[in-house]
Amino acid sequence: MDVFDTIHSMRAMRRLKPDPVPKALLEKILSAGIQAPSGQNTQPWAFLVLTETANKKFFGDRYNYWLRERFGDLLLKNDSSSPYGRTINAARHLGDHMHEAPVILMVFGKRDWPFNVKENDRKGNAPPSYGSIYPCVQNILIAARALGLGASLTTMHQMFEDEIHDQFNVPRTHGIVATIPIGYPEGNFGPLTREPLNKKVHYEKWT
Ligand SMILES: Cc1cc2nc3c(=O)[nH]c(=O)nc-3n(C[C@H](O)[C@H](O)[C@H](O)COP(=O)(O)O)c2cc1C
(Lines give C-alpha, C1' and ligand atoms only; values in the text may rest on other atoms or scores of the structure.)
Protein backbone atom coordinates (compact mmCIF):
# COMPACT_ATOMS: atom_id res chain seq x y z
CA MET A 1 0.00 0.00 0.00
CA ASP A 2 1.04 3.57 -0.65
CA VAL A 3 2.12 5.16 2.63
CA PHE A 4 -0.60 7.84 2.47
CA ASP A 5 -3.33 5.30 1.68
CA THR A 6 -2.11 3.27 4.66
CA ILE A 7 -2.15 6.23 7.03
CA HIS A 8 -5.51 7.45 5.77
CA SER A 9 -7.16 4.07 6.30
CA MET A 10 -5.42 2.98 9.50
CA ARG A 11 -7.91 2.88 12.30
CA ALA A 12 -8.57 0.79 15.37
CA MET A 13 -9.63 -2.65 14.12
CA ARG A 14 -11.25 -4.29 17.15
CA ARG A 15 -12.93 -7.21 15.36
CA LEU A 16 -10.40 -9.90 14.48
CA LYS A 17 -10.57 -13.32 12.86
CA PRO A 18 -9.14 -16.22 14.87
CA ASP A 19 -6.66 -17.16 12.09
CA PRO A 20 -3.09 -17.15 13.41
CA VAL A 21 -0.65 -14.44 12.36
CA PRO A 22 2.52 -16.00 10.89
CA LYS A 23 5.58 -15.26 13.01
CA ALA A 24 7.43 -13.86 9.96
CA LEU A 25 4.65 -11.30 9.50
CA LEU A 26 4.65 -10.38 13.19
CA GLU A 27 8.41 -9.89 13.08
CA LYS A 28 8.09 -7.72 10.00
CA ILE A 29 5.71 -5.52 12.00
CA LEU A 30 7.99 -5.42 15.05
CA SER A 31 10.95 -4.68 12.83
CA ALA A 32 9.04 -1.65 11.48
CA GLY A 33 8.40 -0.68 15.11
CA ILE A 34 12.06 -0.63 16.06
CA GLN A 35 12.97 1.62 13.13
CA ALA A 36 11.25 4.47 15.01
CA PRO A 37 13.15 7.45 16.38
CA SER A 38 13.72 7.72 20.15
CA GLY A 39 15.28 10.31 22.45
CA GLN A 40 19.07 10.14 22.05
CA ASN A 41 18.49 6.95 20.05
CA THR A 42 18.07 5.07 23.33
CA GLN A 43 15.62 2.61 21.72
CA PRO A 44 13.96 1.97 25.09
CA TRP A 45 11.28 -0.38 23.75
CA ALA A 46 10.74 -4.05 24.56
CA PHE A 47 7.95 -6.36 23.45
CA LEU A 48 6.05 -9.17 25.10
CA VAL A 49 4.12 -11.32 22.61
CA LEU A 50 1.26 -13.48 23.87
CA THR A 51 -0.11 -16.18 21.58
CA GLU A 52 -0.74 -19.07 23.97
CA THR A 53 -4.36 -19.55 25.03
CA ALA A 54 -3.72 -19.45 28.79
CA ASN A 55 -1.60 -16.31 28.56
CA LYS A 56 -4.12 -14.50 26.39
CA LYS A 57 -6.89 -15.53 28.76
CA PHE A 58 -4.96 -14.15 31.73
CA PHE A 59 -4.72 -10.80 29.96
CA GLY A 60 -8.15 -10.84 28.31
CA ASP A 61 -10.05 -11.68 31.50
CA ARG A 62 -8.50 -8.75 33.33
CA TYR A 63 -8.85 -6.37 30.38
CA ASN A 64 -12.57 -7.11 30.11
CA TYR A 65 -13.14 -6.94 33.85
CA TRP A 66 -11.55 -3.48 34.09
CA LEU A 67 -13.15 -2.22 30.89
CA ARG A 68 -16.55 -2.98 32.39
CA GLU A 69 -15.54 -1.71 35.82
CA ARG A 70 -14.44 1.65 34.40
CA PHE A 71 -16.90 2.12 31.53
CA GLY A 72 -19.81 -0.15 32.49
CA ASP A 73 -22.72 2.25 31.93
CA LEU A 74 -21.16 3.88 28.90
CA LEU A 75 -20.69 0.49 27.24
CA LEU A 76 -24.42 -0.19 27.47
CA LYS A 77 -25.78 3.22 26.48
CA ASN A 78 -24.80 3.86 22.90
CA ASP A 79 -26.34 4.51 19.55
CA SER A 80 -24.88 2.32 16.84
CA SER A 81 -25.98 4.74 14.12
CA SER A 82 -23.33 7.26 15.22
CA PRO A 83 -19.55 6.86 14.78
CA TYR A 84 -19.13 7.25 18.56
CA GLY A 85 -21.74 4.58 19.26
CA ARG A 86 -20.04 2.22 16.84
CA THR A 87 -16.69 2.84 18.53
CA ILE A 88 -18.22 1.97 21.90
CA ASN A 89 -19.77 -1.20 20.48
CA ALA A 90 -16.44 -2.19 18.95
CA ALA A 91 -14.61 -1.46 22.23
CA ARG A 92 -17.08 -3.68 24.07
CA HIS A 93 -16.62 -6.39 21.43
CA LEU A 94 -12.86 -6.20 21.87
CA GLY A 95 -13.26 -6.55 25.65
CA ASP A 96 -15.37 -9.68 25.20
CA HIS A 97 -12.98 -11.17 22.63
CA MET A 98 -9.54 -9.89 23.65
CA HIS A 99 -8.51 -13.37 24.76
CA GLU A 100 -9.26 -14.68 21.24
CA ALA A 101 -6.99 -12.22 19.42
CA PRO A 102 -4.34 -14.26 17.58
CA VAL A 103 -1.61 -12.03 19.05
CA ILE A 104 -1.64 -9.77 22.07
CA LEU A 105 1.40 -7.55 21.79
CA MET A 106 2.57 -5.50 24.77
CA VAL A 107 4.94 -2.65 24.10
CA PHE A 108 7.08 -1.68 27.08
CA GLY A 109 9.21 1.35 27.67
CA LYS A 110 12.29 1.51 29.87
CA ARG A 111 11.51 3.71 32.86
CA ASP A 112 13.40 6.97 32.79
CA TRP A 113 12.79 10.39 34.34
CA PRO A 114 12.04 13.13 31.84
CA PHE A 115 14.88 15.65 32.01
CA ASN A 116 12.57 18.41 33.29
CA VAL A 117 12.05 16.47 36.57
CA LYS A 118 14.81 17.59 38.95
CA GLU A 119 16.87 15.02 40.91
CA ASN A 120 15.16 15.94 44.21
CA ASP A 121 11.73 15.45 42.72
CA ARG A 122 12.48 11.95 41.45
CA LYS A 123 10.42 9.85 43.84
CA GLY A 124 9.06 6.36 43.25
CA ASN A 125 9.13 4.78 39.82
CA ALA A 126 10.06 6.84 36.78
CA PRO A 127 7.44 6.62 34.03
CA PRO A 128 8.25 4.66 30.90
CA SER A 129 9.53 7.07 28.27
CA TYR A 130 6.21 7.49 26.48
CA GLY A 131 7.53 9.98 23.95
CA SER A 132 10.12 7.50 22.73
CA ILE A 133 7.71 4.58 22.59
CA TYR A 134 4.74 6.07 20.76
CA PRO A 135 6.59 6.50 17.44
CA CYS A 136 7.40 2.77 17.64
CA VAL A 137 3.75 2.01 18.44
CA GLN A 138 2.58 4.07 15.48
CA ASN A 139 5.04 2.31 13.15
CA ILE A 140 3.61 -1.01 14.36
CA LEU A 141 0.03 0.09 13.67
CA ILE A 142 0.91 1.38 10.23
CA ALA A 143 2.93 -1.73 9.32
CA ALA A 144 0.06 -3.98 10.42
CA ARG A 145 -2.36 -2.00 8.26
CA ALA A 146 0.00 -2.10 5.27
CA LEU A 147 0.18 -5.90 5.57
CA GLY A 148 -3.61 -6.22 5.69
CA LEU A 149 -3.74 -6.98 9.40
CA GLY A 150 -5.99 -5.35 11.97
CA ALA A 151 -4.68 -3.88 15.22
CA SER A 152 -5.79 -1.43 17.89
CA LEU A 153 -3.99 0.56 20.52
CA THR A 154 -5.28 -0.15 24.04
CA THR A 155 -4.29 1.11 27.47
CA MET A 156 -6.56 -0.67 29.96
CA HIS A 157 -3.49 -2.68 31.12
CA GLN A 158 -2.73 0.23 33.45
CA MET A 159 -5.47 -1.05 35.79
CA PHE A 160 -3.61 -4.32 36.38
CA GLU A 161 -0.02 -3.64 35.40
CA ASP A 162 1.47 -5.17 38.57
CA GLU A 163 -0.26 -8.46 37.88
CA ILE A 164 1.19 -8.49 34.36
CA HIS A 165 4.69 -7.92 35.71
CA ASP A 166 4.32 -10.78 38.18
CA GLN A 167 2.66 -13.21 35.79
CA PHE A 168 5.04 -12.73 32.87
CA ASN A 169 8.24 -12.03 34.78
CA VAL A 170 8.58 -8.48 33.44
CA PRO A 171 11.27 -6.46 35.27
CA ARG A 172 10.07 -3.34 37.09
CA THR A 173 12.63 -1.34 35.08
CA HIS A 174 10.05 -1.34 32.28
CA GLY A 175 6.46 -0.09 32.15
CA ILE A 176 3.72 -0.95 29.69
CA VAL A 177 2.90 1.76 27.20
CA ALA A 178 0.47 0.04 24.83
CA THR A 179 -1.21 -3.31 24.39
CA ILE A 180 -2.05 -4.12 20.78
CA PRO A 181 -4.24 -7.06 19.80
CA ILE A 182 -3.35 -8.09 16.23
CA GLY A 183 -5.05 -10.40 13.74
CA TYR A 184 -6.70 -10.52 10.35
CA PRO A 185 -9.57 -8.02 10.24
CA GLU A 186 -13.19 -9.10 10.49
CA GLY A 187 -14.98 -6.60 8.24
CA ASN A 188 -13.55 -3.50 6.66
CA PHE A 189 -11.69 -0.54 8.10
CA GLY A 190 -14.37 2.06 7.39
CA PRO A 191 -13.73 5.78 7.02
CA LEU A 192 -11.65 7.74 9.52
CA THR A 193 -13.48 10.42 11.46
CA ARG A 194 -11.04 13.28 12.01
CA GLU A 195 -11.62 16.98 12.34
CA PRO A 196 -10.39 18.93 9.32
CA LEU A 197 -6.86 20.24 9.21
CA ASN A 198 -7.95 23.87 9.08
CA LYS A 199 -9.39 23.50 12.61
CA LYS A 200 -6.04 22.32 13.93
CA VAL A 201 -3.36 24.32 12.19
CA HIS A 202 -2.22 27.87 12.94
CA TYR A 203 0.23 29.69 10.75
CA GLU A 204 2.57 32.25 12.29
CA LYS A 205 0.12 33.09 15.11
CA TRP A 206 -2.49 31.09 17.03
CA THR A 207 -5.86 32.22 15.71
C1 LIG B 1 -3.45 6.74 23.95
C2 LIG B 1 -4.56 5.90 23.36
C3 LIG B 1 -5.25 5.01 24.17
C4 LIG B 1 -6.27 4.20 23.66
N5 LIG B 1 -6.87 3.28 24.47
C6 LIG B 1 -7.81 2.45 23.95
C7 LIG B 1 -8.37 1.39 24.74
O8 LIG B 1 -7.98 1.19 25.92
N9 LIG B 1 -9.30 0.59 24.19
C10 LIG B 1 -9.70 0.75 22.90
O11 LIG B 1 -10.57 -0.05 22.44
N12 LIG B 1 -9.18 1.73 22.10
C13 LIG B 1 -8.25 2.57 22.60
N14 LIG B 1 -7.66 3.54 21.79
C15 LIG B 1 -8.08 3.66 20.37
C16 LIG B 1 -8.90 4.92 20.13
O17 LIG B 1 -10.13 4.83 20.81
C18 LIG B 1 -9.12 5.11 18.64
O19 LIG B 1 -7.91 5.11 17.95
C20 LIG B 1 -9.87 6.41 18.36
O21 LIG B 1 -11.15 6.36 18.90
C22 LIG B 1 -9.96 6.73 16.88
O23 LIG B 1 -10.72 5.72 16.26
P24 LIG B 1 -10.23 5.04 14.90
O25 LIG B 1 -8.82 4.56 15.14
O26 LIG B 1 -11.18 3.89 14.67
O27 LIG B 1 -10.32 6.05 13.83
C28 LIG B 1 -6.63 4.32 22.29
C29 LIG B 1 -5.93 5.22 21.46
C30 LIG B 1 -4.89 5.98 21.98
C31 LIG B 1 -4.11 6.90 21.05
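Each value, and the rule that gives it
- Residues numbered from 1 in each chain as written.
- Predicted model: local features only at pLDDT ≥ 70, side-chain atom pairs only at ≥ 80, totals over all residues.
- Heavy atoms only, no water.
- Helix = DSSP H or I, 4+ residues; strand = E, 2+ residues; numbered from the N terminus.
- Axes fitted to C-alpha atoms, helices over the stretch in contact; angles between N-to-C directions.
- Parallel < 35°, antiparallel > 145°, perpendicular 65-115°, else oblique.
- Contact = heavy atoms within 4.5 Å.
- Nonpolar A, V, L, I, M, F, W, Y, C, P; charged D, E, K, R; others polar.
- Salt bridge = Lys/Arg side-chain N within 4 Å of Asp/Glu carboxyl O.
- Buried < 20%, exposed > 50% of the residue type's maximum accessible area, 1.4 Å probe, protein only.

Structural notes on the environment of Asp 73
Phase 1 of the analysis: Considering the arrangement of structural elements, one finds Asp 73 in helix α3 (residues 53–76).
Phase 2 of the analysis: Sequence separation between Asp 73 and Tyr 130 is 57 residues, and the spatial gap between their C-alpha atoms is 30 Å.

Considering the packing of α3 against helix α6 (residues 161–168)
Phase 1 of the analysis: With their axes 11 Å apart at the nearest point, α3 and α6 run at an angle of 170° to one another. Taken together, the axis directions place α3 and α6 in an arrangement best described as roughly antiparallel. Counted together, Asn 55, Phe 58, Phe 59 and Arg 62 of α3 and Glu 163, Ile 164, Gln 167 and Phe 168 of α6 form the full contact between these two elements.
Phase 2 of the analysis: Looking at side-chain class alone, the contact of α3 with α6 contains four nonpolar, two polar and two charged residues.

Examining the pattern of salt bridges
Phase 1 of the analysis: All told, the structure shown has nine salt bridges when counted by the stated rule.
Phase 2 of the analysis: Its salt-bridge partner being Arg 62, residue Glu 163 comes within 2.8 Å of it at the nearest N-O pair. With a gap of 101 residues between them, Glu 163 in helix α6 and Arg 62 in helix α3 connect regions that are remote in the sequence.
Phase 3 of the analysis: Take Glu 163: its relative accessible area is 35%, and that puts it in the partly exposed class.
Phase 4 of the analysis: You can call Arg 62 partly exposed: its relative accessible area is 23%.
Phase 5 of the analysis: Arg 172 is the salt-bridge partner of Asp 162, the closest N and O atoms lying 3.3 Å from each other. One end of the pair, Asp 162, is in helix α6; the other, Arg 172, is in the loop between α6 and β4 (174–183), with 10 residues separating them in the sequence.
Phase 6 of the analysis: Note on Asp 162: relative accessible area 53%, which makes it exposed.
Phase 7 of the analysis: Overall, the relative accessible area of 38% leaves Arg 172 in the partly exposed class.
Phase 8 of the analysis: One salt-bridge network, in which partners are shared between bridges, spans Asp 162, Asp 166 and Arg 172.

Any functional reading would require information that these geometric values do not contain.
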